Amino acid sequence: MVLAPMAGITNPPFRVLCREQGGGLFVCEMITTRALVERNPKTMRMIRFDESERPRSIQLYGVDPEIVGRAVKMIVEEDLADHIDLNFGCPVPKVTRRGGGSALPYKRNLLRRILRAAVSNAGPLPVTIKMRKGIDDDHLTYLDAGRIAVEEGVAAVALHARTARQHYGGVADWESIARLKDAVQEIPVLGNGDIWSADDAVRMVRRTGCDGVVVGRGCLGRPWLFRDLENAFNGSSERVRPTLGEVADVMERHAEGLTGCFDAEKSAISDFRKHVGWYLKGFTVGSEVRRELATADSLDGLRAGLAKLDRDQPWPPNTDTPRGKSGERTKVLLPDGWLDDAWDFDVPEDAESDVSGG
Ligand SMILES: Cc1cc2nc3c(=O)[nH]c(=O)nc-3n(C[C@H](O)[C@H](O)[C@H](O)COP(=O)(O)O)c2cc1C
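Residues numbered from 1 in each chain as written. Predicted model: local features only at pLDDT ≥ 70, side-chain atom pairs only at ≥ 80, totals over all residues. Heavy atoms only, no water.

- In the nomenclature of an unreviewed UniProt entry, the chain corresponds to tRNA-dihydrouridine synthase from the organism Nonomuraea maritima.
- Quoted verbatim from the Sequence similarities (unreviewed entry) field of the UniProt record, the comment on the chain reads "Belongs to the dus family." (UniProt positions renumbered as here; feature names shortened; annotations may be inferred.)

1. Overview of the overall build of the chain
Step number 1: Summing up its helical and strand segments, the chain has 14 helices and eight strands in all.
Step number 2: A globule of 358 residues ought to have a C-alpha radius of gyration of about 21 Å, and the chain, at 20 Å, matches this closely.
Step number 3: Counting only residues that meet the buried cut, the chain has 57% of its 358 residues in that class.
Step number 4: Considering only contacts within the chain whose residues lie at least 6 apart along the sequence, 72% involve residues at least 24 apart.
Step number 5: Carbon together with sulfur atoms contributes 47% to the accessible area of the chain, which is approximately 14700 Å² in total. (Helix = DSSP H or I, 4+ residues; strand = E, 2+ residues; numbered from the N terminus. Rg over C-alpha atoms; globule rule 2.2 N^0.38 Å. Buried < 20%, exposed > 50% of the residue type's maximum accessible area, 1.4 Å probe, protein only. Contact = heavy atoms within 4.5 Å. Areas by Shrake-Rupley, 256 points an atom, 1.4 Å probe, with all protein chains shown as cover.)

2. Quick word on the environment of Asp249
Step number 1: Note that Asp249 resides in helix 11 (residues 244-262).
Step number 2: For Asp249, a relative accessible area of 34% puts it in the partly exposed group.

3. Some remarks on the sheet that holds strand 7 (residues 189-192)
The strands making up a sheet associate through backbone hydrogen bonding, with each pair oriented either parallel or antiparallel.
Step number 1: Strand order in the closed barrel formed by eight strands is 1-2-3-4-5-6-7-8, and the pairing between neighbours is parallel.
Step number 2: As paired elements, strand 3 (residues 57-61) and strand 4 (residues 83-88) share four bridges and run parallel to each other. Along strand 4, the bridge assignment pairs Gln59 with Asp85.
Step number 3: Its contacts with the sheet place helix 8 (residues 174-183) against strand 5 (127-134), strand 6 (156-163) and strand 7, and it is angled at close to 150° to strand 6. (Pairing = 2+ DSSP bridges. Axes fitted to C-alpha atoms, helices over the stretch in contact; angles between N-to-C directions.)

4. Describing the packing of aromatic side chains
Step number 1: Under the defined criterion, the tally for this structure stands at four aromatic pairs.
Step number 2: Members of the aromatic cluster, joined through ring pairs, are Trp224, Phe283 and Trp315.
Step number 3: Just above the ring of Trp343 sits the side chain of Arg108; from NZ or CZ to the centre is 5.9 Å.
Step number 4: Arg132 extends its terminal NZ or CZ atom over the ring of Tyr168, reaching a point 5.1 Å from the ring centre. (Phe/Tyr/Trp six-rings, centres within 6.5 Å; stacked < 30°, edge-to-face > 60°. Lys NZ or Arg CZ within 6 Å of the ring centre and 35° of its normal.)

5. Let's talk about the site of the ligand
Step number 1: If you check the shell around the ligand, you find 17 residues, and the closest are Gln59, Lys130, Asn192, Asp194 and Arg217.
Step number 2: One of the side-chain nitrogen or oxygen atoms of Lys130 is found 2.8 Å away from an oxygen atom of the ligand.
Step number 3: The side chain of Tyr168 places a nitrogen or oxygen atom 3.5 Å from a nitrogen atom of the ligand.
Step number 4: Notes on the ligand: free accessible area 620 Å², of which the protein chains cover 93%.
Step number 5: Residue composition of the shell around the ligand, grouped by class: seven nonpolar, six polar and four charged. (Near = heavy atom within 4 Å. Polar contact = N/O pair within 3.5 Å; in protein donor to acceptor, adjacent residues only side chain to side chain. Nonpolar A, V, L, I, M, F, W, Y, C, P; charged D, E, K, R; others polar.)

6. Quick look at the UniProt feature "active site" (unreviewed entry) in the chain
Step number 1: In this structure's numbering, the residues bearing the UniProt feature "active site" (unreviewed entry) are Cys90.
Step number 2: Along the chain, Cys90 falls in the loop between strand 4 and helix 5 (93-96).

7. A look at a positive patch on the surface
Step number 1: Residues Lys42, Arg45, Lys94, Arg97 and Arg98 make up a contiguous surface patch of positive charge.
Step number 2: Summarising the element assignment, Arg45 is placed in helix 3 (residues 41-46). (Patch = residues over 30% accessible without salt bridge, like charges linked within 9 Å, V, L, I, M, F, W, Y side chains within 5 Å. Salt bridge = Lys/Arg side-chain N within 4 Å of Asp/Glu carboxyl O. Lys, Arg positive; Asp, Glu negative; His and termini not counted. Charge placed at Lys NZ, Arg CZ, Asp CG, Glu CD.)

8. Notes on helix 6 (residues 108-121)
Step number 1: Along its 14 residues, helix 6 runs 20 Å from first to last C-alpha, staying within 8% of the 20 Å computed at 1.5 Å per residue.
Step number 2: For helix 6, every residue scored as buried is listed here: Arg108, Leu110, Leu111, Ile114, Leu115, Ala117 and Ala118.
Step number 3: Just beyond helix 6, the residue with positive phi is Gly123, at close to 55°. (Expected span 1.5 Å × (residues − 1).)

9. Brief notes about the pairing of strand 6
Step number 1: For strand 6, the buried fraction is high: eight of the eight residues fall into the buried class.
Step number 2: Once you follow strand 5 into helix 7 (residues 142-151) and on to strand 6, the crossover reads as right-handed.
Step number 3: For strand 6 and strand 7, the ladder comprises four bridges, and the chain directions are parallel. Following the sheet pairing, Val157 is matched in strand 7 by Val189.
Step number 4: Considered for its hand, the β-α-β crossover made up of strand 6, helix 8 and strand 7 is right-handed. (Right-handed = clockwise from strand over helix to strand, strands pointing away.)

10. Observations concerning the environment of Pro124
Step number 1: Note that Pro124 resides in the loop between helix 6 and strand 5.
Step number 2: The sequence separation of Pro124 and Val202 amounts to 78 residues, and the corresponding C-alpha distance is 31 Å.

11. Section: the pattern of salt bridges
Two side chains with opposite charge may pair up if their charged atoms get near one another.
Step number 1: For the structure shown, the criterion picks out 31 salt bridges.
Step number 2: Residue Glu53 pairs with Arg15 through a salt bridge whose shortest N-O separation is 2.6 Å. A residue pair is termed long-range when its members are at least 10 positions apart, and Glu53 in the loop between helix 3 and strand 3 and Arg15 in helix 1 (residues 12-19) qualify at 38 residues.
Step number 3: Since its relative accessible area comes to 0%, Glu53 is described here as buried.
Step number 4: The salt bridge partner of Asp271 is Lys274, with a shortest N-O separation of 2.9 Å. With a gap of three residues between them, Asp271 and Lys274 both fall in helix 12 (residues 265-280), about one helical turn apart.
Step number 5: If you follow the salt bridges from partner to partner, you end up with Arg112, Arg116, Glu151 and Glu152 in one network.

Structure below.
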């Protein structure tokens, strides 16, 4: 069970809340390799881990094999993490427009060079990759990328079963996870996309034969989904169904954790605002209290709002439904001529962004 890297979400406080529910890997937000080797202060803050976090898992984004190699070497030499994941799934225009993220595996040789640079500098640390099916249905890359990953010594591959064009829309194509599993027998294949409940996770494993699951949006406002997953994979039908009071306690801990993480209460509480709707999903909460929680700008303000919740309200039914980002794109922005040659290995210009976090 892997907590999917999510920029702006999977920082230490959220990872700790998920991790205490069940075992697995809990990946940090995407870190840009150039920003890391340049020791950008924001990036250096983003790779901090809570002392309870073992193994420490960092996701890197990079397009230049040389810089990726240097970033991996730095992680090993300075003992910054225990596992490195490489991002080949990011679909945002500012990344694909420069040939990064989900656009990159189309360039098979460049992908190979990046993986080689990462694995050869990683020493004992396992290197994994996370990718999408491809750019769009006419430019699928995941099977080639899976084979290249095996050949280059990658430890596991995760597939978000959508194309870049699909973004977060439509339904994840779990059949593609099964196809990848058939094509890649040597290393674990992890399935990702549209796991909204523990039963979904079990279904994905049964249907695709994948070796593990990566869960993203399903745990937004619901870190205890990891307890459910652990129960389900152990054959237990027990599920965590917190009352609104118990949810409020988790919200408070999450916000307190962010305060430590951001070093500034105001920015921490404003960052927490996006979580409020996810935590309260399905509960009956008056619009005034919702507004108070979603506009609080201090921990005390947030606590005052939480104190107004009906603590005994039971967990609402029908909450195993989509949450977070959704929606398709009409096209994927790519560098000029990107699709002309799938085999060249030139490093795209300006693609090594110097900011982390997606
Ligand atoms: C807010 C948000 C931020 C994300 N950031 C990253 C990221 O930094 N790196 C990455 O590989 N995937 C990122 N993703 C994609 C998720 O890791 C995951 O692949 C995707 O949400 C599909 O899984 P799900 O259906 O379980 O959510 C992000 C997704 C969301 C919703």
